[in-house]
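# An overview of the molecular structure
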Amino acid sequence: MNTIKSKKIAIIGAGPGGLTLARLLQMNGSNIKVYERDAHADARPKGATLDLHDDSGLKAIREAGLMDAFMANYRPDAGRMRIADKNANIVLEDNEEKEGAHFRPEIDRGPLQKILLESLQPGTVIWDSQFSALHPQGAGWHIDFKNGNSNYADVVIAADGANSKIRPYITPIKPFYSGVTVVEGSVYNSAIASPRIHQLLNGGKIFAMGNEKSIIVSSKGDGSLVFYTGCNTPEHWDRESGIDFTDKAQVIAWFKREFIGWDNIWLELFENADAAFVLRPQYCMPLDQTWDALPNLTILGDAAHLMPPYAGEGVNMAMLDALELSQYLTGDNFTDLPSAIAAYENQMRVRASQVAATTMESTAALHSKDALAYLIDVIS
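What this report covers is the structure whose coordinates are included nearby. Predicted, not measured: the structure shown is a model, and the values here were computed from it.

To continue, consider the packing of helix α1 (residues 16-27) against helix α4 (residues 109-118). At their nearest, the axes of α1 and α4 sit 9 Å apart, and the two run at 25° to each other. With respect to their mutual orientation, α1 and α4 come out roughly parallel. As for how α1 packs across α4, the hand of that crossing is left-handed. Residue-level contacts link Pro16, Leu19 and Thr20 of α1 to Leu112, Gln113, Leu116 and Leu117 of α4.

Before going further, it helps to examine the pattern of salt bridges. Within the structure shown, the criterion is met by 13 salt bridges. Where arginine 44 meets aspartate 38, a salt bridge forms, and the shortest distance between an N and an O atom there is 3.1 Å. Arginine 44 sits in the partly exposed class, given a relative accessible area of 43%. A salt bridge links arginine 82 to glutamate 93; the shortest N-O distance between them is 2.8 Å. Here glutamate 93 lies in strand β5 (residues 90-94) and arginine 82 lies in strand β4 (residues 81-85), a separation of 11 residues in the sequence. By relative accessible area, arginine 82 is classed as buried at 15%. Ionic contacts of the salt-bridge type, sharing partners, join the residues Glu36, Asp38 and Arg44 into one network.

What follows deals with the sheet that holds strand β14 (residues 213-219). Sheet strands pair via backbone hydrogen bonds, and the direction of the pair is either parallel or antiparallel. Taken in spatial order, the 7 strands make up an open sheet running β5-β4-β13-β14-β15-β12-β16, and their pairing is mixed. This sheet does not close on itself; its edge strands, each paired only once, are β5 and β16 (278-284). Taking the axes of each pair of neighbouring strands and ignoring which way they run, one obtains an average angle of 20° across the sheet. Of the strand pairs in this sheet, β4 and strand β13 (residues 205-210) are connected by 5 bridges, and their pairing is parallel. Note on β13: the bridge partner recorded for arginine 82 is isoleucine 206. Sitting on the sheet, helix α13 (residues 337-365) touches β12 (176-187) and β16, and the angle it makes with β12 is about 70°. Here helix α14 (residues 371-379) sits on the sheet in contact with β4, β5 and β13, set at roughly 160° to β4.

Unlike most non-glycine residues, alanine 88 shows phi in positive territory, near 70°. By the element assignment, alanine 88 lies in the loop between β4 and β5. When its relative accessible area of 16% is taken as the criterion, alanine 88 is described as buried.

The next point concerns the pairing of strand β11 (residues 155-158). Residues Val155 and Ile157 point to one face of β11 and Val156 and Ala158 to the other, with burial holding for every one of them. Bridge count between β11 and strand β17 (residues 297-299): 3 bridges; the pairing is parallel. Pairing of valine 156 across the sheet is with leucine 297, part of β17.

Along helix α9 (residues 248-258), the residues classified as buried are Val251, Ile252, Trp254 and Phe255. Buried positions in α9, seen along its axis, are confined to an arc of 160° and lie on one side of it. Projecting away from the buried face of α9 at angles above 90 degrees are the exposed residues Ala249, Lys256 and Arg257. Buried residues along α9 sit against β12, β14, β15 (225-232), α8 (237-240) and α10 (267-271).

Their axes nearest at 9 Å, the elements helix α12 (residues 314-330) and α13 cross at an angle of 155°. In this view, α12 runs roughly antiparallel relative to α13, as classed from their interaxial angle. Between α12 and α13 lies a crossing of right-handed hand. Packed against α12, whose contacting residues are Met317, Leu320, Asp321, Glu324, Leu325, Tyr328 and Leu329, the element α13 presents Leu337, Ala340, Ile341, Ala343, Tyr344, Gln347, Met348, Arg351 and Val355 at the interface. When grouped by side-chain class, the residues that make up the contact of α12 with α13 number 12 nonpolar, 1 polar and 3 charged.

Alignment of strand β1 (residues 8-12) against strand β2 (residues 31-35), held across 5 bridges, turns out to be parallel. If you follow alanine 10 over to β2, its bridge partner there is lysine 33. For the segment spanning β1, α1 and β2, crossover handedness is right-handed. When β2 meets strand β7 (residues 125-126), the two strands line up parallel, connected through 2 bridges. Opposite tyrosine 35, over in β7, you have isoleucine 126 as the bridge partner.

A word on the packing of aromatic side chains. Within this structure, the stated rule accounts for 19 aromatic pairs. Seen from their ring centres, tyrosine 328 and phenylalanine 334 are 5.5 Å apart, and the 25° between their planes marks the pair as stacked. Since its relative accessible area comes to 18%, phenylalanine 334 is described here as buried. Here the aromatic cluster, defined as three or more aromatic residues joined through ring pairs, consists of Phe227, Trp237, Phe245, Trp254, Phe255, Phe259, Trp262, Trp266, Phe270 and Phe277. Here the guanidinium or amino end of arginine 349 rests over the ring plane of tryptophan 291, the centre of that ring lying 4.5 Å away.

The rules behind the values
Residues numbered from 1 in each chain as written. Predicted model: local features only at pLDDT ≥ 70, side-chain atom pairs only at ≥ 80, totals over all residues. Heavy atoms only, no water. Axes fitted to C-alpha atoms, helices over the stretch in contact; angles between N-to-C directions. Helix = DSSP H or I, 4+ residues; strand = E, 2+ residues; numbered from the N terminus. Parallel < 35°, antiparallel > 145°, perpendicular 65-115°, else oblique. Left-handed = near helix turned anticlockwise from the far one by under 90°. Contact = heavy atoms within 4.5 Å. Salt bridge = Lys/Arg side-chain N within 4 Å of Asp/Glu carboxyl O. Buried < 20%, exposed > 50% of the residue type's maximum accessible area, 1.4 Å probe, protein only. Pairing = 2+ DSSP bridges. Arc of directions from axis to C-beta. Nonpolar A, V, L, I, M, F, W, Y, C, P; charged D, E, K, R; others polar. Right-handed = clockwise from strand over helix to strand, strands pointing away. Phe/Tyr/Trp six-rings, centres within 6.5 Å; stacked < 30°, edge-to-face > 60°. Lys NZ or Arg CZ within 6 Å of the ring centre and 35° of its normal.

Below, the structure is given as structure tokens:
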């Protein structure tokens, strides 16, 4: 039976996972509100492109009835991949678009968000609603927001990402540090601002490895690029390094020291970066995490099973969570909501744990002495 029929559902977070869940539940007649801290859809810059996998992200898109819109907005050329060494020598190139189960189309985050938002009923997303606190109220929850507003929901679903403020209401389990910290930056109008990297990028992605470090560069449909360095660092290096990452000169000096021996072509990224650099220590939830399910509060995506990005699974896992949770909540296999939530969380943890184990192996391998050989073997 539909265990949430006639219930008010609050989804906290309007990322791909939260919006996908909202779409799927609305298709089943559910009463949904999505609360998002951003003031509007374009309040923050969007990161790198996303590759959706046939058995997870794309599966959710198909079930949501959005495949035509997706195919009209994905970027076929963005799937081009070049693997390079630290001297910018291309050691492997993959330009072939796969088919069937191996089809992993790339789409920019902005267009994907737009597709999902336009699929929802007007007024579904309540912007400028940063979560503050939950309080039990009857059989549901009183939700407070930092803007002073509040609301009631029979069921709350946390889709609020890596730094979830709702997760502690479910479990005290915290993530562990992966050993790698990422420095992220963006270059706008890369064809003009960073011509050599732009040419090497060829409209797709570059994975460069060397000296136990990585640089990943990704093109975007607006003519910009996003890049990420990966280095093995102490856990709190982001705040103990003494480097002011809002000062480009200090960042360039750090890059020259840390990536000594790398070709100067990579320096183009830092010299022409437009916005402040973002430091991202990479964390992962324990692979054996478990908790007792609550009857009216659950969780999906990074909030549930944070992991580093080095296997490309984060958004795919979030969208698959959304699909499976919608099926558990609205299908015919459960007669009550607590049983549906408990069953969803049990299988979600098992699935995510398997993916996280693979991701941690990849994270370590891509920042090892044999990183190039490892990545070539994976792609080949």
